[in-house]
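Take a look at the letters that make up each chain.
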Amino acid sequence: MSKVSAHPDGSPLAASAVDTIAVADWNGPFPAAVRERAIAGLEAGHVLFMPQLDFAMGDAEQQLLAGLAADGGRKNISYDPVSGRAKGTAADGTTTARLATLLEEYSLGARALVTGLMPRYAAGLAFGRTSYRPEEIAGRSQSWRKDDRRLHVDAFPSRPSQGRRILRVFSNVNAEGEPRRWRIGEPFEAHAGRFLQQLRASPPGAATLLSLAGITRGRRSPYDQFMLGLHDASKRDTAYQRDAAATLIDFPPRSSWMVFTDQVPHSAIAGRAAFEQTFSLDPAAMAEPARAPLRVLERLAGRPLL
Ligand code: SIN
Ligand code: FE
């Protein structure tokens, strides 16, 4: 049912970046062997692919999503599990409330999955946004910085991470049988090393820092500046985007996957209709904190970055 294929010019290193995990329910059971494989793979910078993990919806919910698409509701719809508010849709109050219920259900499922598979993360885990992504990726036109069809690691300009990890859970709910197609790039250390000279030469994120002055919540650390700089440097580099070794992955409908998107260069190149939950994680909760991008960048830069 699932198709995971290496890109013709993908390197063996990049091609090893997907681990298929046998998880069929958001609430487990999660046998010890599966848990061990999950945390080791995730922290090594692999995508955890769960071909049997479906975000199953009833007919009423499927009609709700189909109706949104028909209304031209193309934007991402996001939900804040902390406040319980949904935004980004032009739908009426009743529809928005029903969507919020669906997104809440996804967020709770995703949290049960993450804390069930990686129990040690529970102590350092915080909810970020939940989103529903109705729009077809392939034909979208966007500025290079916002274009997630270009390989990148995630960094949030308005929410300084202070070294916290970005962990994301995705589910393809496409009703037309269409996969969500990603590319996965090189390991983080190679990726950061490739752009390091450039990031040192111009203070990372300085331009962004100026342009965003006033809207950044909290202090932006040197770590955040490096990560924003890395995000921009890779997306801006057309030769890198053209030539980089990468693995092509098709995530079929009714499957889910999970990945540290601050560590794994990724791009989404086709597909529509997916749910997504973002978490932030204190690296102290990791089994191997030395693998966190903060620690890798500090080693490469030779100085503390917080
Ligand atoms: C991204 O995080 O770059 C986009 C992923 C997706 O929407 O599939
Ligand atoms: Fe991304």
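Residue positions are counted from 1 within each chain, in the order its sequence is given. Ligands are numbered from 1 and chains lettered from A, in the order in which they are written. Thresholds applied to this predicted model are a pLDDT of at least 70 for local features of residues and 80 or more for the giving and counting of side-chain atom pairs; totals over whole chains, interfaces and linings are not thresholded and use all residues. No hydrogens and no water enter the side-chain calculation; it runs on all heavy atoms of the structure.

1. Considerations on unusual backbone geometry
Note the cut-off: A run of DSSP states H or I qualifies as a helix once it reaches four residues; a run of E qualifies as a strand once it reaches two. Both are numbered from the N-terminal end. Exposure categories follow from relative accessible area, calculated using a 1.4 Å probe and restricted to protein chains: below 20% of the type maximum is buried, above 50% is exposed, and the middle band is partly exposed.
Omega for the bond connecting G28 with P29 falls within 30 degrees of zero, at 10 degrees, which places this linkage in the cis form. Inspection of the secondary structure puts P29 in the loop between β2 (18-20) and α2 (32-43). Backbone geometry places A273, a non-glycine residue, at a positive phi of 75 degrees. Structurally, A273 can be placed in the loop between β11 (266-270) and β12 (274-281). Since its relative accessible area comes to 10%, A273 is described here as buried.

2. Side note on the sheet that holds strand β5 (residues 85-87)
Strand pairing in a sheet relies on backbone hydrogen bonds, with the paired strands running either antiparallel or parallel. Threshold: Any two strands are treated as partners once DSSP identifies two or more bridges connecting them. Here the axes come from fitting lines to C-alpha atoms, over the contacting stretch only for helices, and the angles between their N-to-C directions go from 0 to 180 degrees.
The strand order β2-β3-β10-β7-β12-β6-β4-β5 describes an open sheet built from eight strands, whose pairing is mixed. Because the sheet does not close on itself, it has two edges, and the strands there are β2 and β5. The average undirected angle you get between the axes of adjacent strands in this sheet is 20 degrees. As judged from the five bridges shared by strand β7 (residues 165-172) and strand β10 (residues 256-260), these two strands associate in the antiparallel manner. Bridge assignment links V169 to a residue of β10, and that residue is M258.

3. A few points about the coordination of the iron ion (ligand 2)
For clarity, the threshold we go by: Metal-coordinating donors are taken as N, O and S atoms lying within 2.8 Å of the metal, or within 3.2 Å when the metal is Na, K or Ca; because water is left out, some sites can appear incomplete.
Each protein donor to the iron ion (ligand 2) is listed here as H152 (NE2), D154 (OD) and H266 (NE2); together their distances run 2.1 to 2.2 Å. Positions of the donor residues of the iron ion (ligand 2), expressed as sequence spacing, correspond to H-x1-D-x111-H.

4. Examining the site of ligand 1
The condition that has to hold: To be near a molecule or strand, a residue needs just one of its heavy atoms within 4 Å of it. We define a polar contact as two N or O atoms separated by no more than 3.5 Å, with the added condition that, inside protein, one atom must be a possible hydrogen donor and the other a possible acceptor, whereas residues neighbouring each other in sequence contribute only through side-chain atom pairs. The nonpolar class holds Ala, Val, Leu, Ile, Met, Phe, Trp, Tyr, Cys and Pro. Asp, Glu, Lys and Arg form the charged class, and all remaining residues, Gly among them, are polar.
Ligand 1 sits among R133, D148, H152, D154, R168, F170, R180, W182, H266 and A268. Here W182 contributes a side-chain N or O atom positioned 2.9 Å from an oxygen atom of ligand 1. Listing elements by their share of the shell around ligand 1, those giving two or more residues are β7, β8 (180-184) and β11. Classifying every residue of the shell around ligand 1 gives three nonpolar, two polar and five charged.

5. Some details on the confidence of the model for the chain
Rule in force here: Residue-level confidence of the predictor, termed pLDDT, takes values from 0 up to 100. We call two residues in contact whenever any of their non-hydrogen atoms come within 4.5 Å of each other.
Confidence along the chain averages 88 in pLDDT terms, with 86% of residues attaining 70 or more. Counted against residues more than four places away or in other chains, residues 1-15, with its pLDDT under 50, gives 33 contacts.

6. Overview of the pattern of salt bridges
This is how it is decided: For this analysis, a salt bridge means a side-chain nitrogen from Lys or Arg found within 4 Å of a carboxyl oxygen belonging to Asp or Glu.
On inspection of all chains with the given rule, the structure shows 18 salt bridges. Between E135 and R140 there is a salt bridge whose closest N-O contact spans 2.9 Å. By relative accessible area, E135 is classed as partly exposed at 24%. Judged by relative accessible area, R140 falls into the buried class, the value being 19%. For E189, the salt bridge identified is with R299, shortest N-O distance 3.7 Å. Taken together, the positions of E189 in helix α5 (residues 188-201) and R299 in helix α9 (residues 293-301) put the pair 110 residues apart, joining distant regions of the chain. Via salt bridges that share partners, R133, D154, R168 and E276 belong to a single interconnected network.

7. Notes on the packing of helix α7 (residues 222-236) against α9
Packed helix pairs are characterised by how far apart their axes lie and by the angle those axes make with each other. Rules: Note on terminology: angles under 35 degrees are roughly parallel, angles over 145 are roughly antiparallel, angles of 65 to 115 are roughly perpendicular, and the others are oblique.
Where α7 contacts α9, the two axes come as close as 11 Å, and the packing angle between them is 90 degrees. Considered as vectors, α7 and α9 are oriented roughly perpendicular to each other. Facing Y223, F226 and M227 of α7, the residues of α9 in contact are P293, L294, L297 and A301.

8. Some words on the pairing of strand β6 (residues 125-133)
Pairing of strand β4 (residues 77-80) with β6 involves three bridges; the strand directions are antiparallel. Paired with I77 across the bridge in β6 is Y132. Sheet topology note: the β6/β12 ladder contains seven bridges and is antiparallel. Bridging across to β12, T130 finds its partner in Q277.

9. Here's the deal with the packing of aromatic side chains
Note the cut-off: A pair of Phe, Tyr and Trp rings is counted when the ring centres sit within 6.5 Å of each other, with Trp represented by its six-membered ring. The angle between the planes then sorts it: under 30 degrees is stacked, over 60 is edge-to-face, the rest tilted. Charge-over-ring placement is defined geometrically: NZ (Lys) or CZ (Arg) within 6 Å of the ring centre, and within 35 degrees of the ring normal.
Counted under the stated rule, the structure contains 15 aromatic pairs. Ring plane angle 85 degrees and centroid distance 6.4 Å describe the contact between W26 and F55, whose orientation is recorded as edge-to-face. Of this pair, W26 sits in the loop between β2 and α2 while F55 sits in the loop between β3 (47-50) and α3 (59-70), and the two are 29 residues apart along the sequence. An aromatic cluster is present here, built from W26, F55, Y106, Y132 and F275 joined pairwise through their rings. Its end group placed over the ring of F260, R165 keeps NZ or CZ at 3.9 Å from the ring centre.

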